[in-house]
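Tertiary structure, described
The primary structure of each chain is shown beneath.
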Amino acid sequence: MRTVKMTNYSVSQRGYEGLGKLVEEYGFKKVVLVGGKRALGAVSQKIRDGLKGSSVEVLGEFVYGHECTLNNINALMEKEEVQKADVIFAVGGGKALDTGKVLAGFLNKPSMSFPTICSNCAGGTAIAVVYNDDESFLRYELIPAPVHMFVEVETIAEAPEKYFWAGIGDGLSKQPEVLFATKGLEDLDFVANMGVSIAKTCQEPFLKYGEEGLKDVRENKASKAVEEVATDILVNTGYVSNLTNGDKYYYNSSLAHVFYNVSTSVKREGEYLHGVLVSYGVLVLHAYDKNYEEFEKLARFNKKLGLPVTLEEIGLTRDDVREMAKKVYETTEWQKSEKALSEEKFVEAAFYADDFGKKLLAE
């Protein structure tokens with residue numbers, strides 16, 4: 001029997017009113033908070049306020065570290081408070097949420113997520129990205145999705161704009177990656193088909209609200225545009241991820257994330273957020289697929305938002321891309337693709353995007 005579990009979610013403008021009652025309805029009495037230092041500072045008291053008047057007890061809160069690594073997860077597993085908790089409250093951005101989810105999975109406990117930024121869809125997915133201690137990509141970890149996610153718009157609007165910006169870049173990958181991965185395939189099952197259907201709704205909200213939402217985040221304004229973008233990233237793309245990733249298939253991501261994963265092997269100066277790199281990977285995917293109309297539309301959108309359109313903007317050279325291409329076979333997306341992929345075409349697509357981007361920046 002196949003069971004598909006999706007993350008329930010709540011959306012609020014400010015705070016977590018009613019949190020205690022909702023947690024009690026799940027039967028949880030003891031909770032522990034695991035997250036980033038800044039994230040816990042931003043919402044820990046809001047969470048505690050939301051639990052007031054309930055029987056739910058906070059056993060403690062712990063900063064997870066800076067990366068979702070096995071060493072950080074193992075250190076948290078040794079905490080007595082973590083071991084005694086009924087549920088793990090994962091708080092923060094993607095790496096903090098992934099750490100909390102994997103921690104809960106390893107301990108056979110449920111998790112609830114409290115995303116404080118919307119840089120990716122980790123708050124509602126049944127997959128986590130685990131890194132080596134040197135910050136290079138290690139593997140994907142398949143674990144149960146959080147049973148509930150709490151989207152609080154005010155905190156997301158007040159977070160550094162770069163995370164909202166990067167979230168748009170990452171979110172833009174969901175629709176084209178799923179459609180590319182399933183293109184030409186017949187007899188998709190009901191669950192995968194449902195994921196494909198939802199995937200087709202992911203791109204338009206970014207194009208419609210992305211620029212306005214980014215402007216509002218710069219002004220720390222919890223607006224409709226911010227909520228639309230945040231829920232698209234955290235809910236829509238998260239649901240697609242869970243529906244298009246099964247025991248017998250993997251349509252959740254493809255070439256945009258191949259580009260990201262192999263790019264982590266290149267040591268270079270500067271900060272390059274996951275979603276920023278993925279946004280260039282989206283251009284690589286469209287160029288690879290010779291879908292030039294979508295390629296140009298997304299390239300111009302990237303330029304408008306300041307997302308990368310050239311290799312130089314993400315600290316890479318063409319020699320780097322050639323070296324990266326030697327590692328594409330190691331990625332989950334490449335290995336699980338149901339169509340033959342070409343290393344040579346991957347390199348050509350990255351160069352095509354770079355050439356177009358240079359012309360676009362010169363306009």
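Residues numbered from 1 in each chain as written. Predicted model: local features only at pLDDT ≥ 70, side-chain atom pairs only at ≥ 80, totals over all residues. Heavy atoms only, no water.

1. Considerations on helix H15 (residues 318-325)
Turning to H15, its buried residues number three or more, namely Asp320, Val321, Met324 and Ala325. Mapping the buried residues of H15 onto a view down its axis gives an arc of 135°, with all of them on the same face. Buried-residue contacts for H15 involve helix H12 (255-263) and helix H17 (343-362). (Buried < 20%, exposed > 50% of the residue type's maximum accessible area, 1.4 Å probe, protein only. Helix = DSSP H or I, 4+ residues; strand = E, 2+ residues; numbered from the N terminus. Arc of directions from axis to C-beta. Contact = heavy atoms within 4.5 Å.)

2. As for the packing of aromatic side chains
Each aromatic ring pair is characterised by the separation of its centres together with the angle its planes make. Here the structure, examined in full by the defined rule, presents 17 aromatic pairs. Both rings, one in Phe295 and one in Phe356, keep their centres 5.1 Å apart while their planes meet at 80°; by these two values the pair is edge-to-face. One end of the pair, Phe295, is in helix H14 (residues 292-305); the other, Phe356, is in helix H17, with 61 residues separating them in the sequence. Each of the two residues, Phe295 as well as Phe356, counts as buried. A ring pair is formed by Tyr329 and Trp334, whose centres lie 5.8 Å apart and whose planes are at 75°; its orientation type is edge-to-face. Given a relative accessible area of 42%, Tyr329 falls into the partly exposed group. Residue Trp334 is classed as buried on the basis of its relative accessible area, which comes to 9%. (Phe/Tyr/Trp six-rings, centres within 6.5 Å; stacked < 30°, edge-to-face > 60°.)

3. Brief notes about the side chain of Asn242
Inspection of the secondary structure assignment puts Asn242 in helix H11 (residues 224-243). At 2.8 Å, the side chain of Asn242 forms a polar contact with the backbone oxygen of Gly124. When neighbours within four sequence positions are excluded, Asn242 is seen to be in contact with Met6, Gly124, Thr125, Ala126 and Ala145. (Polar contact = N/O pair within 3.5 Å; in protein donor to acceptor, adjacent residues only side chain to side chain.)

4. Some words on the pairing of strand E8 (residues 148-152)
Consecutive side chains of a regular strand alternate in pointing toward one face of the sheet and then the other. Counting buried residues in E8 gives five out of five residues, a clear majority hidden from the surface. Where strand E1 (residues 8-12) and E8 come together, five bridges link them in parallel fashion. Directly across from Ser10, in E8, lies its bridge partner Phe150. Here strand E5 (residues 111-115) pairs with E8 via two bridges, running parallel. (Pairing = 2+ DSSP bridges.)

5. Quick notes on the UniProt feature "domain: Alcohol dehydrogenase iron-type/glycerol dehydrogenase GldA" (unreviewed entry) in the chain
According to UniProt, the positions carrying the feature "domain: Alcohol dehydrogenase iron-type/glycerol dehydrogenase GldA" (unreviewed entry) are residues 16-135. The distance from the first to the last C-alpha atom of residues 16-135 is 33 Å, and the span holds 40% helix and 24% strand. (UniProt positions renumbered as here; feature names shortened; annotations may be inferred.)

6. Overview of the environment of Asp170
Here Asp170 is to be found in helix H7 (residues 161-171). Judged by relative accessible area, Asp170 falls into the buried class, the value being 8%. Separated by 110 residues in sequence, Asp170 and Tyr280 have C-alpha atoms that sit 9.6 Å apart. Aside from chain neighbours lying at most four places away, what touches Asp170 is Ser119, Asn120, Cys121, His257, His274, Gly275 and Val278. A polar contact of 3.1 Å, which involves the side chain of Asp170, links it to the side chain of His274.

7. Here we look at H17
Spanning 20 residues, H17 covers 29 Å between terminal C-alpha atoms, matching the ideal 28 Å at 1.5 Å per step. Looking at H17, one finds that the buried residues are Phe346, Val347, Ala349, Ala350, Phe351, Ala353, Asp354, Phe356, Gly357 and Leu360. Here the buried face of H17 lies against H12, helix H13 (274-288), H14, H15 and helix H16 (332-336). (Expected span 1.5 Å × (residues − 1).)

8. Focus: unusual backbone geometry
For Glu135, which is not glycine, the phi dihedral falls at a positive 80°. Within the element layout of this structure, Glu135 appears in the loop between strand E6 (127-131) and strand E7 (137-142). Among the residues examined, Glu135 registers a relative accessible area of 48% and is labelled partly exposed. A positive phi angle, near 55°, is found at Asn220, a position not held by glycine. Note that Asn220 resides in the loop between helix H10 (203-218) and H11. Among the residues examined, Asn220 registers a relative accessible area of 43% and is labelled partly exposed.

9. Let's talk about the packing of H14 against H17
It is at 11 Å that the axes of H14 and H17 come closest, and there the two elements cross at 50°. In terms of orientation, H14 and H17 fall into the oblique class. Pair H14 / H17 crosses with right-handed handedness. For the pair H14 and H17, the contacting residues are Tyr292, Phe295, Glu296, Ala299, Arg300 and Lys303 in the first and Tyr352, Ala353, Phe356, Leu360 and Leu361 in the second. Split into classes, the residues belonging to the contact of H14 with H17 amount to eight nonpolar, no polar and three charged. (Axes fitted to C-alpha atoms, helices over the stretch in contact; angles between N-to-C directions. Parallel < 35°, antiparallel > 145°, perpendicular 65-115°, else oblique. Left-handed = near helix turned anticlockwise from the far one by under 90°. Nonpolar A, V, L, I, M, F, W, Y, C, P; charged D, E, K, R; others polar.)

10. Topic: the nonpolar core
Within the largest apolar cluster, 73 residues are counted, with the highest numbers of intra-cluster contacts made by Phe164, Leu255, Phe259 and Phe346. In terms of residues, this core owes the most to one element, H13, which gives 10 residues. Sequence-distant contacts of Phe164, defined by excluding residues within four places in its chain, comprise Cys118, Ile156, Gly210, Gly213, Leu214, Val217, Val226 and Val229. With 19 residues, the next largest nonpolar core counts Leu19, Leu40, Val56 and Phe114 among its residues. (Core = buried A, V, L, I, M, F, W, Y, C linked by side-chain atoms within 4.5 Å.)

11. Here's the deal with the side chain of Ser254
Tracing the backbone through its elements, the reader meets Ser254 in the loop between H11 and H12. For Ser254, a relative accessible area of 7% gives the class buried. Among all residues touching Ser254, those that are not within four sequence positions of it are Glu177, Phe180, Leu285 and Glu333.

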